[in-house]
There are 2 protein chains.
Amino acid sequence: MESVARLASFGVKRLYQSPRACAQISRWAGPKTATSIRRIHTPITNFASLESNVLRCLNPRSPSLRLSPSQLRLLSTKPLPGHRRPIVRFFYRLFAYTGLFILTSTGLVFAFFVYDATTYKDNSTISDIPVSEHALSPKRGGPKNLPIASVLVDDEDSPDMAAQRDKPKMVILGTGWGSVALLKTLHAGDYHVTVVSPVNHFLFTPMLPSATVGTLEFRSLVEPIRRIIHRVKGHFLQAEAESVDFSEKLVEVSQLDSSGNKVHFYLPYDKLVIGVGSSTNPHGVKGLEHCHFLKSINDAQQIKNTVLHNLELACLPTTPDEERKRLLSFVVSGGGPTGVEFAAELYDMLNEDLLRSFPRILRNEISVHIIQSRGHILNTYDEALSKFAEERFAHDQVEVLTNSRVKEVRPDKILFTQMEDGKPVTKELPMGFCLWSTGVAQTEFCKTLAKQLGDSQNNRHALETDTHLRLIGAPLGDVYAIGDCSTVQNNIADHLTTFLRTMAWEKGKDPEKMHITFKEWREVAQRVKKRFPQATDHLRRLDRLFEAYDKDKSGTLDFGELHELLVQIDNKLTSLPATAQRANQQGQYLGRKFNKIASALPGLRANEVDYDGLDEAVYKAFEYHHMGSLAYIGNAAVFDFGGMSFSGGLLAVYLWRSIYFAQSVSFRTRILLAMDWTKRALFGRDLVSY
Amino acid sequence: MESVARLASFGVKRLYQSPRACAQISRWAGPKTATSIRRIHTPITNFASLESNVLRCLNPRSPSLRLSPSQLRLLSTKPLPGHRRPIVRFFYRLFAYTGLFILTSTGLVFAFFVYDATTYKDNSTISDIPVSEHALSPKRGGPKNLPIASVLVDDEDSPDMAAQRDKPKMVILGTGWGSVALLKTLHAGDYHVTVVSPVNHFLFTPMLPSATVGTLEFRSLVEPIRRIIHRVKGHFLQAEAESVDFSEKLVEVSQLDSSGNKVHFYLPYDKLVIGVGSSTNPHGVKGLEHCHFLKSINDAQQIKNTVLHNLELACLPTTPDEERKRLLSFVVSGGGPTGVEFAAELYDMLNEDLLRSFPRILRNEISVHIIQSRGHILNTYDEALSKFAEERFAHDQVEVLTNSRVKEVRPDKILFTQMEDGKPVTKELPMGFCLWSTGVAQTEFCKTLAKQLGDSQNNRHALETDTHLRLIGAPLGDVYAIGDCSTVQNNIADHLTTFLRTMAWEKGKDPEKMHITFKEWREVAQRVKKRFPQATDHLRRLDRLFEAYDKDKSGTLDFGELHELLVQIDNKLTSLPATAQRANQQGQYLGRKFNKIASALPGLRANEVDYDGLDEAVYKAFEYHHMGSLAYIGNAAVFDFGGMSFSGGLLAVYLWRSIYFAQSVSFRTRILLAMDWTKRALFGRDLVSY
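Rules used throughout
- Residues numbered from 1 in each chain as written.
- Chains lettered and ligands numbered in written order.
- Predicted model: local features only at pLDDT ≥ 70, side-chain atom pairs only at ≥ 80, totals over all residues.
- Heavy atoms only, no water.
- Buried < 20%, exposed > 50% of the residue type's maximum accessible area, 1.4 Å probe, protein only.
- Helix = DSSP H or I, 4+ residues; strand = E, 2+ residues; numbered from the N terminus.
- Pairing = 2+ DSSP bridges.
- Polar contact = N/O pair within 3.5 Å; in protein donor to acceptor, adjacent residues only side chain to side chain.
- Contact = heavy atoms within 4.5 Å.
- Salt bridge = Lys/Arg side-chain N within 4 Å of Asp/Glu carboxyl O.
- Patch = residues over 30% accessible without salt bridge, like charges linked within 9 Å, V, L, I, M, F, W, Y side chains within 5 Å.
- Areas by Shrake-Rupley, 256 points an atom, 1.4 Å probe, with all protein chains shown as cover.
- Axes fitted to C-alpha atoms, helices over the stretch in contact; angles between N-to-C directions.
- Phe/Tyr/Trp six-rings, centres within 6.5 Å; stacked < 30°, edge-to-face > 60°.
- Lys NZ or Arg CZ within 6 Å of the ring centre and 35° of its normal.

**A few points about the pairing of strand 25 (residues 637-641) of chain B**
Residue and element names in this part refer to chain B. Within strand 25, four of the five residues are buried, which leaves it mostly tucked inside the rest of the structure. Bridge analysis of strand 24 (residues 629-632) against strand 25 gives four bridges, and the strand direction is antiparallel. Residue tyrosine 632 lies in a different strand from strand 25, and its bridge partner there is alanine 637. What sits between strand 24 and strand 25 in their antiparallel hairpin is a turn of four residues, with glycine 634 showing a positive phi close to 85 degrees.

**Observations regarding the side chain of glutamine 418 of chain B**
Residue and element names in this part refer to chain B. With respect to the element layout, glutamine 418 can be found in strand 17 (residues 413-420). Under the relative-accessibility criterion, glutamine 418 is labelled buried at 11%. For glutamine 418, the side chain forms a polar contact with the main-chain oxygen of threonine 402, separated by 3.2 Å. In contact with glutamine 418, not counting residues within four places along its chain, are Leu401, Thr402, Asn403, Ser404, Lys423, Pro424, Val425 and Lys427.

**Description of the pairing of strand 10 (residues 262-268) of chain B**
Of the pairings in the sheet, the one linking strand 9 (residues 250-256) of chain B to strand 10 of chain B comprises seven bridges and is antiparallel in character. Paired with valine 253 of chain B across the two strands is phenylalanine 265 of chain B, which belongs to strand 10 of chain B.

**Digging into the pattern of salt bridges**
For the coordinates displayed, the defined rule picks out 44 salt bridges over all chains. Across the salt bridge formed by lysine 593 of chain A and aspartate 615 of chain A, the nearest N and O atoms sit 2.9 Å from each other. With lysine 593 of chain A in helix 23 (residues 580-607) and aspartate 615 of chain A in helix 24 (residues 614-618), the pair connects residues that are 22 residues apart, well separated along the chain. Judged on exposure class, the residue lysine 593 of chain A and its partner aspartate 615 of chain A are both buried. The residue arginine 324 of chain B makes a salt bridge to aspartate 321 of chain B at a minimum N-O spacing of 2.8 Å. Of the two residues, arginine 324 of chain B and aspartate 321 of chain B both sit in helix 13 (residues 321-327), three residues apart, roughly one turn of that helix. Judged by its relative accessible area of 0%, arginine 324 of chain B falls in the buried class. Judged by its relative accessible area of 24%, aspartate 321 of chain B falls in the partly exposed class. Each of Asp466, Arg470, Lys593, Asp615 and Glu616 of chain A takes part in one network of salt bridges that share partners.

**Overview of a nonpolar patch on the surface**
On the surface, Ile87, Val88, Phe90, Phe91, Leu94 and Phe95 of chain A cluster together into a nonpolar patch covering about 580 Å² of accessible area. Considering the arrangement of structural elements, one finds phenylalanine 95 of chain A in helix 6 (residues 86-118).

**Some points on the sheet that holds strand 7 (residues 235-238) of chain A**
Residue and element names in this part refer to chain A. One open sheet accounts for five strands, arranged 7-4-3-11-22; its pairing is parallel. Two strands close off the open sheet at either side, each with one partner strand: strand 7 and strand 22 (479-481). The mean inter-strand angle of the sheet, taken between neighbouring strand axes irrespective of direction, is 20 degrees. As paired strands, strand 11 (residues 271-274) and strand 22 are joined by three bridges and run parallel to one another. What sits directly across from isoleucine 274, in strand 22, is alanine 481. The sheet strands contacting helix 9 (residues 177-185) are strand 3 (169-173), strand 4 (192-197) and strand 11, and the helix crosses strand 3 at an angle near 150 degrees.

**Things to note about the packing of aromatic side chains**
Inspection of the entire model under this criterion finds 28 aromatic pairs over all chains. Plain terms: the ring middles of tryptophan 177 of chain B and phenylalanine 204 of chain B are 5.2 Å apart, the flat faces sit at 55 degrees to each other, and that makes the pair tilted. On the criterion of sequence distance, the pair formed by tryptophan 177 of chain B in helix 9 (residues 177-185) and phenylalanine 204 of chain B in the loop between strand 5 (201-203) and helix 10 (208-211) is long-range, its members being 27 residues apart. Across the pair, exposure class does not vary: tryptophan 177 of chain B and phenylalanine 204 of chain B are buried alike. Among the aromatic residues, those joined into a ring-pair cluster are Trp177, Phe202, Phe204, Tyr632, Trp656 and Tyr660 of chain A. Cation over ring: arginine 226 of chain A sits above phenylalanine 358 of chain B, and NZ or CZ is 3.8 Å from the ring centre.

Here it is as structure tokens:
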């Protein structure tokens, strides 16, 4: 009730804020009153619609309004007598909004419970389902006379699945970045998709170092692969690929049965995508059984348990001081992003959470070391970033040993040679934990394939594909390889004579004796780019390249100079990084191409177009776009976006997080990541091993 | 701007809602206008404070106000021309509140980030800390000449810790419910507390079955023990207790060092609390190595992996149909709460999440079996609840095999005998997974202690304590045992002669020949209750008991009848349930008593009170209050609260959850539990194994 008078006063007050209204008041109540009103209120400037209302309200044809001093008092901004003071009003509003908030929250919680209740299914009726006899006991065949899984038990589980039975069979080996990107890009219904992998989840590898110390949960980094496959109504078999029969189009797959015997069977394919990833590169070092690796969730779990076990052992009264120091000496072999991020996360944990619960002596005796064979850590990044990271680590008392090569790992120490004044000096470091993260090597399956394909495959580290990601040596358009297990063959230099011959033929000259001008160089570059799109990045500053390789400053490039130039570019191209980014792009590329092929196939078949050239006919060659690299280095992060580099503290960390958050595979993992970061902020890391 | 005129009209309008104001208006503007105003507005009834304001505002001494028809129009409830329609206003408000919500949320997120940023410490300065030489290399001694850890490395980590150095040393073995309840009840600073356990976390055991199928995270059920100890500024050693030397007050503790050698040392104590829990009871069955258990987080993890592995194997084309059915046959041996809840959770997972991603044939071939030796599952609960659970399982197609005893477990099947028409019939069940949850047995450590104490310890299943929870046979007031590893010795029947002799002596009669009346029986009962408080529950209906045991209906009990009665009560008492609830109450009891002792000790020492009787002097005997039992049985739950039983569907499940939520050990685990339930509702269970 009290607010009525106040509202009235407020309404009247506002009426007189108009200059025209003030003029009226001046006429009615004398200039003194009008001035006092104007003093009280700041004048407002835009009155267009106000005025008409005011005038309509204060009908000038009955100008008999007079304001008494008491009325004027009401017009002031001071509260009416007996009215709420601002502080009371503030609390009144605070309570009102708190009430609103509580009611809304209660409503939301209630709504959640209602939703939650709907998620409990009580459907225990089991209906008969059609399962093909061939699925239950598959026929035998192929070169090794193994069961051939041409029909699967869930081929008729739904009408969608039944409709795919006669579509081309696509078999995807592996559940890493490449395979998942392919699965997410593929249109549902075009292929009969079967994914084969020894693990039944996709792992968000870039954040794995965070899981080793409890910053993130293991569960937040994995997505069940069946959920991803579900979109394309595909199938999943938890098994390992053993070999491929290219002529009969069969993949040999094996799995241990419950008694531990290896069972083999064939999986027929029309399109085979190999995305089996890589294994750890031992670099011929002895004693790697004393090291930890960081490629799977299991590895991360073991690392966490070992780190915590060492901390617990260090607390025991029977542990001598020397032994305590050894247990607390953590060595990371390899200064790439994985090694650096693990060292950073480990340091964070030791710094932020250790002191909360462990004896202080541990913090004093802990040491973290990074052994790097090159001159800098993060050597694929911009040099400024490497230096930033090194300074950061120096400040954090993480020892960085550059130009050092591990010779041998023993249970309690690590032997390495370090270059000092140009001479290698052998040193040793006592250690309680060693992480081995020094690049990738080929898996057994890939080695088998490379051997089988003989001369077509010449790379020791990965399966070679052409620019359409087709495995070289296998029948064209049947087998593709993506991700860490593959490399795209360029051979620009080998194609050089083709390029030059074409040009010479156009100009009527001898390629060997030809001197090409800058204009002609631009033409060559154009052709190289068209044939090898991934070279584009390296052919941006054509003038600079031309200058750099025109050693005799003749204004033209002769054959030798041009050859040198292209070989250099070729060398750069062969090293596509073994990153999630590359695999992701390759998977998406294949997905788009397969979609095109599926929609083009009926027309092509009618026209009897050569199947071998299908890929080129429907889609462009693969082109790698480097989006940049980033790394977390202990409450700071570095970014390297194609030439632009950037490093910084906490804000950079939040940027680093938000990039990975955006790249995360599903809504689910995003929510889990957000929850994990909240947990860390609220409760710290969980120093629990099990 | 538009709202200004509206506000003015609103204010003026309200002014004229007062009858007194209307009378004024009637005088100024003529009765017609006043009536029309009254028609437009419903009159308001309470005007006390309004009137004075209105009158002050409309100063009656200048009654020259006239309202024109256009002014009157403004007073109507219809919106002004050009004004917002209600629907527009509704949306306007909706947007305003949405905006408010978004701004508030943004503010909260921002505030969170600011808070988050403060949790990153950048404190890498390492200062010298004082560590006693004795802590780094402990002196040797004791019967086995082992290192004696009388000083620990973190004894001087903080002033609080240093202040406790000379306090009585309390050693707590185990980190289960009892130990944690004790740690949470104990006042900080009274004792020098050291906790010894092979695991460094507290496990919320009642919800462990939920973790086996991914409903809850492992991490949400554990709390790092160091965090709990932190409150009392205690110490933790991850090690295992081996034996106790009662005369020198030393616990022998062992731990494997990093090379795998067992290292032994002594820990001196003034008060030793044994809360080491129990191991699984094999009941002499062969082949338990093919079974899973459910006592630790590791067990839960292994169960999850095995269940998922079986599901994956069942999808393979090489798995014959018989083998698939075997792999999908899940057997639970033991129909207690753990077994029942696991079966329920497993069934939930299979029912709610399996079909989302696995082939439908799996759902059809899955079977869940519970083998129970008694006539009903949940046999310690009210019979109505057992039946409810059995009906629920029957509806869910979970097979309950009652009156069945497992004879042998083989890798692929389980052999059991079932009573049929009074005869045992041997049957077999193919199985792919077996959970063994059939009661508790003594750990090796407890067996060692019982043997050492000889005749004082007569129970094969647990360490016997008196009603003050002091270990019988050990020096009084030194050693206590709580939780599953202990049982409280009653021996009411043994004390019978004492009771009767006292009474006979009071009455001058011969105990053997005495007939006691109901009044005298009440006296006896009173004494029994005083000596054995846990008997109180069984001595409530004294009249009924008297009637029941007065077999000759003489109106009095003779010696034989009374003896029979007390033996029956004694038998009921010895079986304190091996539950979290009991351990929790015992831990709290000890905590309170130790607090009393600590505060009473200085005074008692001055008076040279006998140390042996300290417990009785300062605190009452332990009394178990059964708060009820509950169990989750698959989208339904049963409760048994001391006679009152209750069962139901989802609402009961929410009640079940909220009870455990409230009992959860820390704010952290509560938040994690809430997050987990949200995750399950949003994304289902994670069918990922690693």
